[in-house]
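Observations on the model geometry
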Amino acid sequence: MPRDAAAEPGQAAGLRPPAVRLQNLSKRFPGALKPALDDVSLEVAPGEVFGIVGRSGAGKSTLIRCVNLLERPDAGSVEVEGTLLTGLDEAGLRAARRRIGMVFQHFNLLSSRTVAENIAFPLEIAGVPRAARRTRVEELLPLVGLAEKRDAYPAQLSGGQKQRVGIARALASAPGLLLCDEATSALDPETTTEILALLGDLRTRLNLTILLITHEMAVVKTLCDRVAVLEAGRVIEQGRVFDVFTDPQAPTTRRFVAEVIGTAVPAATLAALPAPNAGETRRLLRVLFTGTAATRAVVSEASRRFGIDLNIVSGRIDAIGDAPFGILALAAYGAPGAVEGAAAWMRGLGLHVGDLAAEEA
Amino acid sequence: MLPWLTPTLQDLLIEAAWQTAIMVGGAAAVSLLVGLPIALLLHVTATDGLSPRPVLNRPLGLIVNAVRSTPFIILMVAIVPFTRLVAGTSIGTGAAIVPLALAATAFIARLFENALREVDRGVIEAARAMGATRTQIVLKVLVPEAMPGLIAAVTVTLVSLVGYSAMAGAVGGGGLGDLGIRFGYQRFMPEVMATVVVLLILLVQALQSLGDRLVRRATHR
């Protein structure tokens with residue numbers, strides 16, 4: 001399976017340059033033992049939502065701050081929509097930043113300004129005349145559902161409302177690229193869902209490219225087309241979200257994935273499974289159904305064909321974006337050859353069959 | 001009502017109050033105009049500031065500290081040549097403004113700097129991400145966001161100036177404090193001393209309440 005194919009068919013086509021192209025970024029903070037970024041290269045296609053996931057300290061924040069050069073990498077190049085940011089002077093960089101929106105974990109709104117004034121702020125900085133600013137703010141307020149809060153101060157808003165202001169502000173100068181720095185990490189789960197829905201909606205409406213960092217795999221699952229996993233300043237895995245979720249390679253990725261689509265079976269459940277009869281073997285299998293394979297009566301057919309017993313330990317059905325998938329944890333009992341044969345047959349159907357025990361590690 | 005409050009004494013009190021107002025007001029105005037740029041310079045050139053310039057920051061900080069640590073009464077006589085240069089004379093109410101303004105400038109510069117430091121770094125980062133220039137960040141983010149703290153700093157400075165101005169008598173500056181010393185203490189007129197003290201308390205209270213009210217109005221938290 002090609003792990004790093006372009007996002008959606010058609011979206012990457014054409015001659016548009018990548019929305020973001022990071023090449024060999026490295027950054028080490030003074031006094032730090034390990035580099036914050038270690039030779040990171042990434043490409044974000046126009047119109048896609050790209051997630052960077054990692055534990056705290058993995059270098060996510062540094063990475064996203066390098067995209068608009070709030071942080072200067074020690075080495076490597078940053079290109080946004082065809083412009084080489086690392087080659088710009090101060091004035092050029094300021095102009096480039098005006099075309100990149102950024103949303104922050106702690107909203108970073110000006111407490112001395114009202115909602116409308118906060119949204120107008122980037123326009124004010126860019127020298128947009130007052131009348132045009134007002135028109136633009138009036139467009140943006142309903143877009144983020146804050147028309148009623150025009151004259152409120154940030155302190156009078158809830159976290160979700162503050163983030164809506166942050167998003168409207170980031171979109172004020174109609175950027176093609178939106179950077180989200182842990183945009184939902186300071187919000188409760190319900191508000192997180194709300195903000196993610198808003199971002200998803202804006203993305204299609206405004207044809208935005210979004211690059212986000214998060215430590216929550218659920219955010220990636222809901223919103224992203226592609227994902228990169230960052231660990232100790234390196235990209236250890238990247239690909240389409242569906243592929244990474246259904247077939248994670250690196251141990252860290254597996255742990256991340258397990259957070260949202262857990263396949264681990266409690267040890268007590270496993271211990272309670274009956275032991276195999278003499279001459280038989282028992283294997284714990286994790287079977288992943290995707291696409292059309294999900295419609296076939298795989299379990300009963302395997303049982304009949306290979307003369308084995310399949311005990312369903314756990315199972316769940318989930319979806320990533322619009323793509324459904326199912327996961328079964330099976331205990332297979334039978335002659336050693338028969339169990340292996342059944343596993344091979346299932347693989348032949350396009351199912352991903354792995355060892356359940358190994359998944360738990 | 002107050003039998004000892006003779007017309008002569010009344011005139012003296014009014015004159016002294018006026019002198020205090022001039023000294024405090026004049027020094028405060030100067031300290032505001034000079035202190036804010038100094039504070040911004042200190043803040044912006046700090047190692048973690050918008051444009052770190054240790055070569056500028058350290059000497060400037062040192063000068064501010066030197067002025068701040070010199071006892072006011074000593075500062076006043078130590079800078080007499082400078083006072084003469086600026087005010088043309090080294091005695092009188094006008095001349096007293098010079099050392100008061102100097103002390104208040106150093107004082108308020110540090111208070112302003114602290115207020116600026118209270119501004120959320122994230123907000124400054126957001127402004128940078130929007131492509132704001134340093135000047136825009138200072139004028140549109142730092143100063144407005146620090147406004148409640150800046151106003152509180154002005155209040156504290158005004159109150160301190162009322163206290164300092166009492167020492168201005170040493171250079172013939174006059175004022176309420178000086179009246180209290182000369183009449184109340186040196187001429188054994190405790191009722192004058194009491195009147196002066198009450199007036200000063202009222203003045204400080206008024207300044208403080210006004211300052212607090214303005215801080216509240218500027219705070220949108």
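Residues numbered from 1 in each chain as written. Chains lettered and ligands numbered in written order. Predicted model: local features only at pLDDT ≥ 70, side-chain atom pairs only at ≥ 80, totals over all residues. Heavy atoms only, no water.

1. With respect to the overall build of chain B
To keep it simple, the criterion reads: Comment: elements are numbered from the N terminus, with helices defined as DSSP H or I runs of at least four residues and strands as E runs of at least two. When accessible area is computed with a 1.4 Å probe and restricted to protein chains, residues below 20% of their type maximum are described as buried, those above 50% as exposed, and intermediate ones as partly exposed. Throughout, a contact is declared for two residues whenever any of their heavy atoms are within 4.5 Å. To measure how exposed things are, a 1.4 Å probe is used in the Shrake-Rupley method; for residues, cover is taken only from the protein chains shown. Counted charges follow a simple rule, with Lys and Arg positive, Asp and Glu negative, and His plus the chain ends left uncounted. By convention, charge coordinates are those of NZ in Lys, CZ in Arg, CG in Asp, or CD in Glu.
Along the backbone of chain B there are nine helices and zero strands. Projected onto the principal axes, the alpha-carbon positions of chain B cover approximately 70 × 40 × 25 Å. Expressed as a percentage of the 221 residues in chain B, the buried residues total 46%. Taking the intrachain contacts of chain B between residues at least 6 apart in sequence as the baseline, contacts between residues at least 24 apart amount to 72%. For chain B, the exposed surface amounts to about 11,300 Å²; the carbon and sulfur share of it is 68%. If the 16 positive side-chain charges of chain B are averaged to one point and the 11 negative ones to another, these points end up 7 Å apart.

2. Quick look at the UniProt feature "domain: ABC transmembrane type-1" (unreviewed entry) in chain B
Test applied: UniProt positions are given in the numbering used here, feature names are shortened, and annotations may be inferred rather than shown by experiment.
Here, the residues flagged by UniProt with the feature "domain: ABC transmembrane type-1" (unreviewed entry) are residues 17–211 of chain B. For residues 17–211 of chain B, the helix share is 81%, the strand share is 0%, and the end-to-end C-alpha distance is 20 Å.

3. Concerning the UniProt feature "transmembrane region" (unreviewed entry) in chain B
All names here are of chain B. Taking the UniProt record as the reference, the feature "transmembrane region" (unreviewed entry) is found at residues 20–42, 62–83, 89–112, 150–172 and 192–211. In residues 62–83, helix accounts for 86% and strand for 0%; the two terminal C-alpha atoms are 22 Å from one another. The span residues 150–172 is 70% helical and 0% strand by assignment, and the distance between its end C-alpha atoms comes to 32 Å.

4. A few points about the confidence of the model for chain B
This is how it is decided: Residue-level confidence of the predictor, termed pLDDT, takes values from 0 up to 100.
Averaged over all residues, the pLDDT of chain B equals 93, while 100% of them reach at least 70. In the predicted complex, the global pTM is 0.86; the interface-specific ipTM is 0.87.

5. A look at the layout of surface pockets
For the record, the criterion: Grid points spaced at 1 Å and placed over the protein atoms alone form the basis of the search, with a cavity being a set where a 1.4 Å probe fits but cannot get out and a pocket an open set showing protein on both sides within 12 Å along at least five of seven lines. Lining residues have an atom within 4 Å of a point. Grid points are joined across faces, edges and corners, and a volume is the space filled by probe spheres set on the points. Ten residue types, Ala, Val, Leu, Ile, Met, Phe, Trp, Tyr, Cys and Pro, are classed as nonpolar, four, Asp, Glu, Lys and Arg, as charged, and the remainder, Gly among them, as polar.
Space inside the largest pocket adds up to approximately 800 Å³. Around the largest pocket, the lining is made up of 33 residues, and of these B:D48, B:G49, B:L50, B:P52 and B:R128 lie nearest the centre. Mapped onto the lining of the largest pocket, the elements with two or more residues apiece are α2 (90–97) of chain A together with α1 (7–45), α2 (54–69), α5 (93–117), α6 (121–129) and α7 (134–165) of chain B. Of the residues contributing to the lining of the largest pocket, the split by class is 13 nonpolar, six polar and 14 charged.

6. Describing α6(B)
Threshold: Each polar contact in these results corresponds to two N or O atoms within 3.5 Å; when the atoms are within protein, one needs to be able to donate a hydrogen and the other to accept it, and residues that are neighboring in sequence are counted only if both atoms are side-chain atoms.
Counting buried positions over the nine residues of α6(B) gives seven, a clear majority of the element. Listed in full, the buried residues belonging to α6(B) are B:G122, B:V123, B:I124, B:E125, B:A126, B:A127 and B:A129. Where α6(B) is buried, its residues meet α1 (60–67), α2, β6 (100–104), α3 (115–125) and α5 (159–171) of chain A together with α7 of chain B. For α6(B), the N-terminal cap is B:D120; the gap from its side-chain oxygen to the backbone nitrogen of B:G122 is 2.9 Å. Among the residues trailing α6(B), B:G131 stands out with phi positive, at a value near 90°.

7. What to know about unusual backbone geometry
Residue and element names in this part refer to chain A. Even without being glycine, L69 reaches a positive phi, approximately 60°. Tracing the backbone shows L69 in the loop between α1 and β4 (75–80). In this structure, F107 is a non-glycine residue whose phi angle is positive, near 65°. Turning to its location among the elements, F107 is positioned in the loop between β6 and α3.

8. Here's the deal with the interface of chain B and chain A
Quick reminder of the rule: We define buried area as the total accessible area lost by two parts upon association, computed with a 1.4 Å probe and summed across both. We count a salt bridge whenever a side-chain nitrogen from Lys or Arg sits within 4 Å of a carboxyl oxygen from Asp or Glu.
Across the contact, 20 residues belong to chain B and 23 residues belong to chain A. Summed over both partners, the interface of chain B with chain A buries about 2,000 Å², with 55% contributed by carbon and sulfur atoms. If you sort the residues of chain B by the area they bury against chain A, B:M130, B:K140 and B:H220 come out on top, with a joint share of 32%. On the surface where chain B and chain A come into contact, there are three salt bridges. Close ionic contact of B:E125 with A:R65 constitutes a salt bridge, the shortest N to O distance being 2.3 Å. Put simply, chain B and chain A have nine residue pairs in polar contact (both at pLDDT 80 or more) between them. A total of seven residues in the side of chain B that touches chain A trace back to one element, the largest contributor, which is α6(B). Considering only residue class, the side of chain B that touches chain A consists of eight nonpolar, five polar and seven charged.

9. Overview of the confidence of the model for chain A
Residues and elements named next belong to chain A. Chain-level statistics for chain A give a pLDDT mean of 88 and a share of 93% at 70 or above. When the elements of chain A are averaged for pLDDT, helix α13 (residues 356–360) gives the smallest value, 54, and α3 the largest, 97. Here residues 1–13 is modelled with pLDDT under 50, and outside its nearest four sequence neighbours on either side it reaches 24 contacts, counting other chains as well.

10. Some points on the side chain of A:R169
Mapped onto the fold, A:R169 is located in helix α5. Of the buried charged residues, A:R169 lacks a salt bridge, with B:E145 as the closest side chain of opposite charge at 8.6 Å. The contacts of A:R169, once residues within four sequence positions are left out, are A:F104, A:F107, A:N108, A:L109, A:L110, A:N118, A:I119, A:P122, B:A126 and B:M130.

11. Here's the deal with the sheet that holds strand β9 (residues 226–231) of chain A
The strands making up a sheet are joined through hydrogen bonds of the backbone, oriented either antiparallel or parallel. Residues and elements named next belong to chain A. As a reminder, the rule being used: Pairing between two strands requires that DSSP report at least two bridges joining them. Orientation is described by axes fitted as lines to C-alpha atoms, over the contacting stretch for helices, and by angles from 0 to 180 degrees between their N-to-C directions.
Reading across from one edge, β6-β7-β8-β3-β9-β10 is the order of the six strands in this open sheet, with mixed pairing throughout. Strands with a single pairing partner mark the edges of an open sheet, and in this sheet they are β6 and β10 (234–240). The sheet shows a mean angle of 15° between the axes of neighbouring strands, taken without regard to direction. Taken together, the five bridges between β6 and strand β7 (residues 177–181) define a ladder with parallel strand orientation. Pairing of G101 across the sheet is with L178, part of β7.

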